[in-house]
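# Tertiary structure, described
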Amino acid sequence: MAKAFQLGLTGGIGSGKSTVAARLAMRGATVIDADQISRSLTATGGKALGLIAERFGPELISADGSLERQRMRELVFTRPEARQQLEAIIHPLIAGETMRQLEQAISQGCRLIVHDIPLLVESGHWRTQLDGVLVVDCPEEIQIERVIARSGLSRQEIEAIIQAQASRNQRLACADWVVFNGQSLDLDALNTCVDQISAWFGL
Ligand code: ADP
């Protein structure tokens with residue numbers, strides 16, 4: 001069996017990372033989505049909830065048994081050590097579920113495994129487990145426009161998220177490949193570009 005290539009995929013909010021991931025999946029890559037795993041850990045019945053309640057108090061868990069996301073967000077914005085404590089709970093659980101999905105993909109003979117990791121650059125420990133990193137890059141102003149169009153977030157909220165993420169240059173410094181998804185590219189052109197990348201990986 002040919003060895004699967006493990007590609008890290010990252011990009012700032014609104015860069016187009018999810019669009020790229022979806023197209024790679026359509027072409028036959030297995031996408032392991034760190035955010036989706038993280039969300040499932042804190043959804044009703046999720047594995048992280050007991051530990052979160054123990055560490056931060058039962059008020060962080062809502063009546064339906066899922067995480068009180070807004071309250072948690074406020075906590076980690078106001079207390080940096082809370083973010084570290086939360087990450088100490090979540091990261092090992094994400095790693096365990098990632099490994100499970102990875103082993104499944106490898107056993108099915110998948111050639112390209114895409115690790116969709118929004119905070120790949122911020123949490124450097126991922127890097128050693130990957131064969132290469134693809135960064136989806138675009139100017140900040142376009143990130144903001146896209147997220148405003150997609151969500152109910154205000155410009156100010158989006159700017160705060162961008163500030164909290166790695167900078168464009170930090171992300172680019174980690175890249176083996178870059179898809180520049182700026183204004184010059186429409187969705188069709190982006191998909192064509194991703195198809196070329198897929199072909200390069202034998203998909
Ligand atoms: P991310 O996952 O990086 O936050 P998405 O892939 O969800 O970003 O893209 C954000 C929004 O911008 C989506 O609505 C997507 O359809 C749109 N979008 C992404 N790239 C382009 C592009 N090249 N042209 C037009 N719209 C785009």
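Since this is a predicted model, take the numbers as computed values, not measurements.

The rules behind each value
Residues numbered from 1 in each chain as written. Predicted model: local features only at pLDDT ≥ 70, side-chain atom pairs only at ≥ 80, totals over all residues. Heavy atoms only, no water. Helix = DSSP H or I, 4+ residues; strand = E, 2+ residues; numbered from the N terminus. Rg over C-alpha atoms; globule rule 2.2 N^0.38 Å. Buried < 20%, exposed > 50% of the residue type's maximum accessible area, 1.4 Å probe, protein only. Areas by Shrake-Rupley, 256 points an atom, 1.4 Å probe, with all protein chains shown as cover. Lys, Arg positive; Asp, Glu negative; His and termini not counted. Charge placed at Lys NZ, Arg CZ, Asp CG, Glu CD. Near = heavy atom within 4 Å. Polar contact = N/O pair within 3.5 Å; in protein donor to acceptor, adjacent residues only side chain to side chain. Patch = residues over 30% accessible without salt bridge, like charges linked within 9 Å, V, L, I, M, F, W, Y side chains within 5 Å. Salt bridge = Lys/Arg side-chain N within 4 Å of Asp/Glu carboxyl O. Contact = heavy atoms within 4.5 Å.

Once that is clear, we can look at the overall build of the protein. For the protein, the helix and strand inventory stands at nine helices and five strands. For the protein, the succession of helices and strands along the chain, N to C, is β-α-β-α-α-α-α-β-β-α-α-α-β-α. By the compact-globule yardstick of 17 Å for 203 residues, the protein fits well, its C-alpha radius of gyration being 18 Å. For the protein, the spread of C-alpha atoms along the principal axes amounts to about 50 × 45 × 30 Å. In the protein, which comprises 203 residues, the proportion classed as buried is 42%. In the form shown here, the protein has an accessible surface area of approximately 10900 Å², with 53% of it arising from carbon and sulfur atoms. Here the protein carries 20 positive and 24 negative side-chain charges, and the mean point of each set is 3 Å from the other.

Here we come to the site of the ligand. In the region of the ligand, 15 residues are neighbours, and Gly14, Ser18, Thr19, Arg150 and Asn181 sit closest. Within the backbone of Lys17, one N or O atom sits 2.9 Å away from an oxygen atom of the ligand. The contact in question runs from an oxygen atom of the ligand to an N or O atom on the side chain of Arg150, over 2.8 Å. Relative to its unbound accessible surface of 560 Å², the ligand loses 77% to contact with the protein. Elements with a contribution of two residues or more to the shell around the ligand: helix 1 (17-26), helix 6 (140-150) and helix 9 (187-200). Here the shell around the ligand takes three residues from helix 1, the largest share from any one element.

Our focus in this paragraph is a nonpolar patch on the surface. A surface patch of nonpolar side chains, about 230 Å² in accessible area, is lined by Leu172, Val178 and Phe180. Its place among the elements puts Val178 in strand 5 (residues 177-180).

Quick look at the environment of Gln143 now. As for its position among the elements, Gln143 is in helix 6. Linking Gln143 and Gly12, residues 131 residues apart in sequence, is a C-alpha distance of 7.7 Å. Beyond its immediate stretch of four places on either side in the chain, Gln143 contacts Gly12, Ile13, Gly14, Ser15, Cys138 and Ile162. Side-chain polar atoms of Gln143 contact the backbone oxygen of Ile13, separated by 2.7 Å.

Quick look at the pattern of salt bridges now. Tallied over the full model, the rule gives nine salt bridges. In this structure, Asp116 engages Lys17 in a salt bridge whose closest nitrogen and oxygen atoms are separated by 2.5 Å. Residue Asp116 is located in strand 3 (residues 112-116), and its partner Lys17 is located in helix 1; the two are separated by 99 residues in the primary sequence. Lys17 carries the same exposure label as Asp116, and that label is buried. In this structure, Asp195 engages Arg23 in a salt bridge whose closest nitrogen and oxygen atoms are separated by 2.7 Å. In this pair, Asp195 is assigned in helix 9 and Arg23 in helix 1, connecting sequence segments 172 residues apart. An identical accessibility class is assigned to Asp195 and Arg23; each is buried. Taken together, the shared-partner salt bridges in this structure form one network comprising Arg23, Arg27 and Asp195.

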